[in-house]
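# Chain and residue survey
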Amino acid sequence: MILANNICLGYDNKKNIIQNAKFKINNKDFVFITGSSGSGKSTLLKSFYSDIKLKSGTLLVNKFDLKNIQNMQLKKLRKSIGIVYQDYKLIKEYTVEENIMLPLKINGYSDKLSRNQAHKLLKHVKLPNKAKCYPDELSGGEQQRVGVARALSHNPQLILADEPTGNLDDYSADVIWNLLKKANEQLGIAVVVVTHRIPDNFGLSFRKFSISAGEVYES
Amino acid sequence: MNLRRFISFTIPLIVVLFTYTMYLSINKIVTSYENTINNDYSIVLVSSTPLIKSTLVSNSKIDIKSINHLKREDILKNFKNDVSEGTYKLLEKKLPYFYTINLENFPTSSKLKEIKYTLEHIKGIKKVETFSKNHDNVYSLFLLIKTVVTILFICIIIFTFLLMINNVKIWFFEHSNRLTIIKLHGGSIYYGAKPIINIAIISSIISSIFVILVVYFLKENLAQLLKPELLSVVSKNLTPFTNLEIASVFIISLVISFITVFGILLKHRLK
């Protein structure tokens with residue numbers, strides 16, 4: 001699923017944020033990446049969908065080699081991943097339903113099928129009556145639940161989540177953790193979550209990567 | 001669809017298409033007027049030797065439509081009663097050959113000077129009369145308008161491009177967040193830019209239809225718009241727009257919109 005071999009990540013000519021990281025994430029793994037603020041957790045996650053380019057090393061994600069990935073290959077990679085962002089990244093001109101339909105439409109699904117899938121997912125994220133609302137009309141917790149529904153909509157092989165419950169109320173956080181657990185347990189989707197704090201009584205076996213001083217190690 | 005964006009995209013297109021139709025109309029009037037006056041226009045040649053069209057064409061490289069010989073007998077007839085028999089015989093012996101030539105195209109003033117110079121240097125030709133002073137004033141006026149409209153058309157095309165490029169840039173700036181999110185989900189820039197592509201297509205069609213209707217309205221109401229002197233020339237020479245000319249309005253409209261939108265899209269794609 002993800003194979004990193006001596007990867008170095010950083011911005012421009014500054015010092016590397018991640019130094020010679022080496023790890024493997026398998027299908028059906030549930031992985032937490034933890035570390036202090038500024039340790040490079042989000043940078044590492046961004047490198048998985050090539051939002052940050054590798055400085056050196058080899059990184060394979062869903063069999064795509066990210067070292068010198070071409071535009072067409074990058075699109076295919078991103079279509080095969082579901083991403084949950086800390087700042088939700090919902091399109092404010094789109095309704096909730098249209099936001100969830102986005103990955104499906106990009107993957108070429110019909111309007112009808114995409115809409116059905118969106119409505120099904122809205123029930124799962126406990127927002128069945130918000131289909132026609134715009135993101136600005138939702139609370140932060142609700143917006144993030146829409147973000148998770150969008151990430152799950154096209155049955156991706158891998159879900160990447162960057163601080164998905166960072167600023168959320170307990171109820172929304174619970175809904176999101178349950179959804180991610182279900183996706184992993186029932187659908188076999190690999191999930192990689194960047195977080196400050198792993199929830200108590202998570203109730204699912206998981207792997208934990210920690211980042212400290214640019215080094216990634218499994219604990 | 002954002003109405004403000006739609007209007008800001010359509011108005012420059014209407015301006016450029018309207019200028020284009022004016023350019024077409026003036027071209028048609030001038031061309032038609034050229035043909036009319038060209039049929040009535042001829043150059044008179046006086047030659048010491050008989051002239052043949054093929055020889056004249058090969059020697060002068062001038063596009064000659066026809067050459068007519070003015071019969072010497074007809075000219076001499078005018079003098080028969082006014083001069084003595086001896087003088088008449090001398091005239092008959094010495095009188096040169098007179099020709100009128102019609103040209104394929106009506107020449108410009110400079111071209112006419114060139115033709116005169118060329119003809120005067122052909123062996124045997126003694127005198128060339130081009131009646132250059134009668135070179136039509138209206139024709140010169142039309143030529144001036146034609147040139148002005150061409151320059152105006154080019155300026156407006158450049159101005160429109162700049163205006164539309166700015167509009168598309170603003171659109172991209174306003175939608176950069178949406179485009180980024182689409183890109184992060186593996187969507188292409190073209191997928192994200194569907195709304196602006198739709199605006200471009202709809203604006204092109206609406207502005208083309210609008211301009212064609214306005215031009216037809218103006219054509220039907222020329223009497224109210226032009227002075228009588230100009231009206232007679234314009235209405236006689238402004239032939240109806242052909243299907244190809246109407247299609248060219250649509251094509252120009254689409255081409256301008258597409259070049260603008262896809263130019264900016266390509267720039268974003270390469271970033």
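Look up a bit, the structure's there.
Quick look at the structure, then. (Residues numbered from 1 in each chain as written. Chains lettered and ligands numbered in written order. Predicted model: local features only at pLDDT ≥ 70, side-chain atom pairs only at ≥ 80, totals over all residues.)

## Let's talk about the overall build of chain A
- Scanning chain A for helices and strands turns up 6 helices and 10 strands.
- Taking 2.2 N^0.38 as the reference for a compact globule, 219 residues should give roughly 17 Å; the C-alpha atoms of chain A span a radius of gyration of 17 Å, in line with that estimate.
- Once the C-alpha set of chain A is aligned to its principal axes, its extents read approximately 45 × 40 × 30 Å.
- Out of the 219 residues in chain A, the part that is buried amounts to 42%.
- Residue pairs at least 24 apart in sequence account for 68% of intrachain contacts in chain A once pairs closer than 6 positions are excluded. (Helix = DSSP H or I, 4+ residues; strand = E, 2+ residues; numbered from the N terminus. Rg over C-alpha atoms; globule rule 2.2 N^0.38 Å. Buried ≥ 20, exposed ≤ 12 C-beta atoms within 10 Å, placed from the backbone. Contact = placed C-beta atoms within 7 Å.)

## Points about the sheet that holds strand β2 (residues 18–25) of chain A
All names here are of chain A.
- Read across the sheet, 4 strands follow the order β2-β1-β4-β5 without closing on themselves; strand pairing throughout is antiparallel. Pairing within the sheet leaves two strands with one partner each, and these edge strands are β2 and β5 (64–65).
- As paired strands, strand β4 (residues 56–61) and β5 are joined by 2 bridges and run antiparallel to one another. Bridge pairing in β5 links Leu60 to Asp65.
- On top of the sheet, helix α1 (residues 41–48) reaches β1 (2–9), β2 and β4; it is set at about 125 degrees to β1, its chief contact. (Pairing = 2+ DSSP bridges. Axes fitted to C-alpha atoms, helices over the stretch in contact; angles between N-to-C directions.)

## Some remarks on the sheet that holds strand β7 (residues 158–162) of chain A
Residues and elements named next belong to chain A.
- Read from one edge of the open sheet, 6 strands run β6-β7-β8-β3-β9-β10, paired in mixed fashion. Edge positions in the sheet fall to β6 (81–84) and β10 (215–218), since each of these pairs with one other strand and no more. If you compare each strand with its neighbour and ignore which way they point, the axes differ by 20 degrees on average.
- Looking at chain direction, β7 and strand β8 (residues 190–194) are connected through 5 bridges and run parallel. Counted as the bridge partner of Leu160 is Val192 from β8.
- Packed on one face of the sheet, helix α5 (residues 140–152) meets β6 and β7 and runs near 170 degrees to β6.

## What to know about the packing of helix α1 (residues 3–40) of chain B against helix α11 (residues 228–237) of chain B
All names here are of chain B.
- For the pair α1 and α11, the least separation of the axes is 8 Å and the interaxial angle reads 90 degrees. Classified by the angle their axes make, α1 and α11 are roughly perpendicular. Two secondary-structure elements touch here, α1 through Ile29, Ser32 and Tyr33 and α11 through Val233, Val234 and Asn237.
- The residue inventory of the contact of α1 with α11, partitioned by class, reads 4 nonpolar, 2 polar and no charged. (Parallel < 35°, antiparallel > 145°, perpendicular 65-115°, else oblique. Nonpolar A, V, L, I, M, F, W, Y, C, P; charged D, E, K, R; others polar.)

## Describing the pairing of β7 of chain A
All names here are of chain A.
- Most of β7 sits out of view: 5 of its 5 residues are buried.
- Burial of the side chains of β7 extends over both faces: Leu158, Leu160 and Asp162 are buried on one face and Ile159 and Ala161 on the other.
- Where β6 and β7 come together, 4 bridges link them in parallel fashion. Opposite Ile81, over in β7, you have Leu158 as the bridge partner.
- Following the chain from β7 across helix α6 (residues 170–187) to the adjacent parallel β8, one finds a crossover that is right-handed. (Right-handed = clockwise from strand over helix to strand, strands pointing away.)

## Looking at helix α9 (residues 194–220) of chain B
- Taking 1.5 Å as the rise per residue, α9 of chain B with 27 residues should run 39 Å; its terminal C-alpha atoms sit 39 Å apart, in good agreement.
- Listed in full, the buried residues belonging to α9 of chain B are Ile196, Ile199, Ala200, Ser203, Ser204, Ser207, Ser208, Val211 and Val215 of chain B. (Expected span 1.5 Å × (residues − 1).)

## Observations regarding the packing of helix α3 (residues 96–106) of chain A against helix α4 (residues 111–124) of chain A
All names here are of chain A.
- At a minimum axis distance of 9 Å, the contact between α3 and α4 shows a crossing angle of 125 degrees. As summarised for this structure, α3 and α4 are arranged oblique, according to the angle between their axes. Remark: the crossing between α3 and α4 carries right-handed chirality. Contact residues: α3 offers Glu97, Ile100, Met101, Leu104 and Lys105, while α4 offers Ser114, Arg115, Gln117, Ala118, Leu121 and Leu122. (Left-handed = near helix turned anticlockwise from the far one by under 90°.)

## Overview of the nonpolar core
- Ranked by internal contacts, the top residues of the largest apolar core, which has 64 residues, are Ile33, Val125, Ile159, Leu160, Val191 and Val192 of chain A.
- Considering each element in turn, this core owes the most residues, 6 residues, to α3 of chain A.
- In contact with Ile159 of chain A, not counting residues within four places along its chain, are Gly82, Val84, Ala151, Leu180, Ala183, Ile189 and Val191 of chain A.
- Formed by 20 residues, the second largest nonpolar core is a distinct cluster that contains Met164, Ala193, Val249 and Ile256 of chain B. (Core = buried A, V, L, I, M, F, W, Y, C linked by C-beta atoms within 7 Å.)

## Notes on the interface of chain A and chain B
- Across the boundary between the two partners, chain A contributes 11 residues, which contact 8 residues of chain B.
- Listed by contribution, the elements that provide at least two residues to the side of chain A that touches chain B are α2 (71–79) and α3 of chain A.
- Examining the composition of the side of chain A that touches chain B, we find that 4 residues originate from one element, α2 of chain A, more than from any other.
- Its residues assigned to classes, the side of chain A that touches chain B shows 5 nonpolar, no polar and 6 charged.

So far we have only geometry, and geometry alone does not tell us how the molecule works.
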